[in-house]
Amino acid sequence: MVAALNALALLVFGGMSLLAVFKRHWTLVLLFCFFGYEQLLSTSMGILASKPWLINVSVGLISLTAVGMALTSGKRPFRGAFNPNSFLVFALIVFSYLGMFYGGTQNAGAHFVRTGFPYMVLLLGVLPCLVTGTEVINRMCTPYLLAGCALVVMVLLSPRAEFSGSRMYLDLSYTMGAGEKGNPLAIAEIGGIMVIIGALMRQTSKSLVIAALRVGGIILGITICFFSASRGQLIFSILVAVMFFPVAYQIRNAKQFFIRAGMLGTMAAIMLFVAKRFLFSSEASERFSGESLTSGVDSRMYYAKTLLGEYFSKPGQYLQGMGTGSFNLFVEAGSGEGFSYPHNLFVEILADHGLIGFGLLLLIILVSGIHTYKLLRMVHSGIIERHAVAIVLAISGYVTLISMKQGSYLVLPLPFYAYLILSKLYYTRIAELADAGEEVYEPEYAEYADEEYQSVGAL
């Protein structure tokens, strides 16, 4: 059973990688899914477990090839990529790396930088270049649901999937040694994006197969979030899917109102069915109890209060912060994989990188918010495809919320890669309209539009 599932997983991953070389939307699918496939394949393929960089390097080379092919085919992958948000994100990452030298935990800082650098290059440098327009986002949706559904089914069927502490993990002990487990959050994030795409994607035909795939994507996405007991991924994916549903589906008359309301009601019914089916019938249900939720919030609050208390007690470090990985000085210490972080983007940046880093973060959020507003104006004016915008904005909101309860942005750059996609989509569309000689805004905004045409139109 294990061999058969892993052979199938390898076949799916190999096919996805081959398609990604020639099709940019498949490259996006590969980049969003490869963390999950890497874990599944590592349960029985010792070479991937001992050398995880093999898949990372392969995905990186495929992604660079896709960018090169887009460039040679005239798709202009760098158009709109060099914008204020990209420079702000670059400045924040560079300053974060400098924090490794002046902090009191150089070992922790070096560990985070070394671990996360390949993902920084891949997700902040390469990924946005693949988004050359809304058509890439729209064309990504069906393949993503196919790859995601296949992954979730294989994970649920795998004998290597087991519960530990009310949470489903992929057991890596057969290839990496006793006690080694996969990261359930990475697979749950894929499930959350499946919920978002299934709810918001554009369906140009009345194909029952595509409709079934969308429903299946939502059901399996919610299911894997439940089984992995990833509370944030579950709650936040449903929240943003509902929040951006009106952006994806315009309501022009009473008939459309009832159709859209029926679609939203159907989506809610599916979510309720899955909740009743799995929430109360699996070991993971313990993670969704009131006691467990309270415990999770309390632990995050303890991390935040402890780290910020140390930061505010050191006025001399207000400006530059206490250095990369300072969390390990006050809450947890260790070596190698034992290094930890406060599980909150805002707390981590303020404490580690002070007012300089926090100011850059606030500027990034402000610029992203402005671009979000302008994209919504474009949607309202009918000059950009609404489903793609809804999906990008929903994913941006989803990973922003996730970044406030888990992980470190230095290991995996959440939510910054989503912000760069959002901004690049905006500037790419402006450049396209400038090339066509079309106006972007109403007359009172014309002078701003002209400035933006001049700054990005030539890229």
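Calculation rules
All residue numbers refer to position in the chain's written sequence, counted from 1. With the structure being a predicted model, the display of local features is reserved for residues of pLDDT at least 70 and the display and counting of side-chain atom pairs for 80 or more, all residues being used for whole-chain, interface and lining totals. As a rule here, side-chain values cover all heavy atoms of the structure and leave hydrogens and water aside. For this analysis, a nonpolar core means a set of buried residues of the types Ala, Val, Leu, Ile, Met, Phe, Trp, Tyr and Cys, connected via side-chain atoms within 4.5 Å. To sort residues, take the accessible area from a 1.4 Å probe on protein chains only and compare it with the maximum for the residue type: under 20% means buried, over 50% means exposed, and anything in between is partly exposed. When checking whether two residues touch, look at their non-hydrogen atoms; a contact exists if any pair is within 4.5 Å. Within this document, salt bridges are pairs made up of a side-chain nitrogen of Lys or Arg and a carboxyl oxygen of Asp or Glu, the two lying within 4 Å of each other. Secondary structure counts use DSSP, requiring at least four H or I residues in a row for a helix and at least two E residues in a row for a strand, with both numbered from the N terminus. In this analysis, a patch consists of residues with relative accessible area above 30% that form no salt bridge, clustered at 9 Å for like charges and at 5 Å for the nonpolar side chains Val, Leu, Ile, Met, Phe, Trp and Tyr. In this description, accessible areas are obtained by the Shrake-Rupley approach with a 1.4 Å probe, and a residue is regarded as covered only by the protein chains that are shown. Strand pairing is assigned whenever DSSP identifies at least 2 bridges connecting the two strands. For the purpose of charge, His is not counted, nor are the chain termini; Lys and Arg are scored as positive and Asp and Glu as negative. Throughout this description, a polar contact denotes any pair of N or O atoms lying within 3.5 Å of each other; where both atoms belong to protein, one of them has to be capable of donating a hydrogen while the other can accept it, and for residues adjacent in sequence the pair is counted only when both atoms sit in side chains. The convention used is that axes are lines fitted to C-alpha atoms, helices contributing only their stretch in contact, and that angles between N-to-C directions extend from 0 to 180 degrees. Small angles under 35 degrees read as roughly parallel and large ones over 145 as roughly antiparallel, with 65 to 115 read as roughly perpendicular and the rest as oblique. For a crossing to be left-handed, the near helix must be turned anticlockwise from the far one by less than a right angle; the clockwise case is right-handed. Throughout, the ten residues Ala, Val, Leu, Ile, Met, Phe, Trp, Tyr, Cys and Pro are labelled nonpolar, Asp, Glu, Lys and Arg are labelled charged, and all others, Gly among them, are labelled polar. Expected helix span is computed as 1.5 Å times (number of residues minus one). On a scale of 0 to 100, pLDDT captures the predictor's confidence in every residue. Pairing of aromatic side chains here covers Phe, Tyr and the six-membered ring of Trp, requires ring centres within 6.5 Å, and sorts the geometry by plane angle: under 30 degrees stacked, over 60 edge-to-face, intermediate tilted.

Chemist: Describe the nonpolar core, naming the residues involved and giving the relevant values.
Modeler: With 125 residues, the main nonpolar core has F13, F34, Y144, I197, L200, F416 and Y417 as its most contacted residues. With residues up to four places along the chain from it excluded, the contact list for F34 reads F13, I55, N56, V59, Y119 and L122. Grouped together as the second largest cluster of nonpolar side chains are 10 residues, A304, L307, V347 and L350 included.

Chemist: Let's hear about the pattern of salt bridges: which residues, and what values?
Modeler: In this structure the tally under the stated criterion is 6 salt bridges. A salt bridge links R79 to E432; the nearest nitrogen and oxygen atoms lie 3.9 Å apart. Separated by 353 residues along the polypeptide, R79 in the loop between α4 (53–72) and α5 (84–102) and E432 in helix α18 (residues 416–436) bring together distant segments of the chain. Relative accessible area serves as the criterion here: at 10%, R79 is assigned to the buried category. Given a relative accessible area of 25%, E432 falls into the partly exposed group. The closest approach of N and O atoms between E432 and R429, which form a salt bridge, is 3.0 Å. In this pair, E432 and R429 are both assigned in helix α18, 3 residues apart and thus about one turn of the helix distant. Given a relative accessible area of 23%, R429 falls into the partly exposed group. Several salt bridges converge on common partners, so that one network encompasses R76, R79, R429, E432 and D435.

Chemist: An account of a nonpolar patch on the surface is needed here, citing residue identities and associated values.
Modeler: Judged by side-chain polarity, F90, V94, L98, F101 and Y102 come together as a nonpolar surface patch covering roughly 520 Å² of accessible area. Here F90 shows up in helix α5. According to the relative accessible area criterion, F90 is exposed, its value standing at 57%.

Chemist: How would you explain the pairing of strand β2 (residues 167–170) if you had to name every residue and give the values?
Modeler: For a regular strand, side-chain orientation follows a simple rule: the groups alternate between the two sheet faces. Residues R167 and Y169 of β2 are buried on one face, and the alternating residues M168 and L170, pointing to the opposite face, are buried as well. Bridge count between strand β1 (residues 161–164) and β2: 4 bridges; the pairing is antiparallel. If you follow E162 over to β2, its bridge partner there is Y169. Taking the residues between adjacent antiparallel strands as the criterion, β1 and β2 are bridged by 2 residues, where G165 takes a positive phi near 65°.

Chemist: How would you explain the environment of R386 if you had to name every residue and give the values?
Modeler: Within the element layout of this structure, R386 appears in helix α17 (residues 386–402). By relative accessible area, which is 16% here, R386 ends up buried. Residues R386 and N138, spaced 248 residues apart in sequence, show a C-alpha to C-alpha distance of 10.0 Å.

Chemist: Tell me about the side chain of K424, and name the residues and values.
Modeler: Summarising the element assignment, K424 is placed in helix α18. The buried charged residue K424 lacks any salt bridge, with E432 as its nearest oppositely charged partner at 8.4 Å. Polar contacts involving the side chain of K424 include one to the main-chain carbonyl oxygen of P77, which spans 3.1 Å. Apart from the residues within four sequence positions on either side, K424 is in contact with P77, R79, G80, A81, N83, P128, C129, V131 and T132.

Chemist: Residues and numbers for the packing of helix α9 (residues 184–200) against helix α11 (residues 231–243), please.
Modeler: It is at 9 Å that the axes of α9 and α11 come closest, and there the two elements cross at 20°. Considered as vectors, α9 and α11 are oriented roughly parallel to each other. When the axes of α9 and α11 are compared, the crossing they make is right-handed. Across the interface between the two elements, L185, A188, E189, G192, V195, I196, A199 and L200 of α9 pack against Q233, S237, V240 and A241 of α11. Residue classes in the contact of α9 with α11 are distributed as 8 nonpolar, 3 polar and 1 charged.

Chemist: Which residues make up α9, and what are the values?
Modeler: Between the first and last C-alpha of α9 there are 25 Å, a value that for 17 residues agrees with the 24 Å anticipated at 1.5 Å per step. Taking burial as the measure, the 17 residues of α9 include 17 buried ones, the bulk of the element. By the N-cap criterion, in which a side-chain oxygen at the helix start approaches the backbone nitrogen of a residue two or three places on, α9 is capped by N183, the distance to L185 being 3.0 Å.

Chemist: Describe the confidence of the model for the protein, and please don't skip the residues or the numbers.
Modeler: For the protein, mean pLDDT is 86; residues scoring 70 or higher make up 86% of the total. When mean pLDDT is compared element by element in the protein, α17 scores highest at 97, while helix α19 (residues 446–456) scores lowest at 43. When the criterion is pLDDT under 50, residues 442–459 qualifies, and its contacts beyond four places in sequence or with other chains add up to 30 contacts.

Chemist: Give me the packing of helix α7 (residues 134–157) against α9: which residues, what numbers.
Modeler: Closest axis-to-axis distance for the α7/α9 pair is 10 Å, and the angle between their directions is 140°. Judged by the inter-axis angle, α7 sits oblique to α9. Taken as a pair, α7 and α9 cross one another with a handedness that is left-handed. Mapping the contact onto sequence places M140, C141, Y144, L145, G148, C149, L151, V152 and V155 in α7 and I187, I190, I193, M194, I197 and G198 in α9. Among the residues making up the contact of α7 with α9, the classes are represented as 13 nonpolar, 2 polar and no charged.

Chemist: Could you give an account of the environment of L414, with specific residues and numbers?
Modeler: Here L414 is to be found in the loop between α17 and α18. Counting along the chain gives 69 residues from L414 to L345, while the straight-line C-alpha distance between them is 8.5 Å.

Chemist: Tell me about the packing of aromatic side chains, residues and numbers included.
Modeler: Tallying each qualifying case throughout the model produces 17 aromatic pairs. On the numbers, 6.1 Å between centres and 75° between planes, the contact of F312 with Y318 is edge-to-face. For F312, a relative accessible area of 47% translates into the label partly exposed. A relative accessible area of 29% means that Y318 is categorised as partly exposed.

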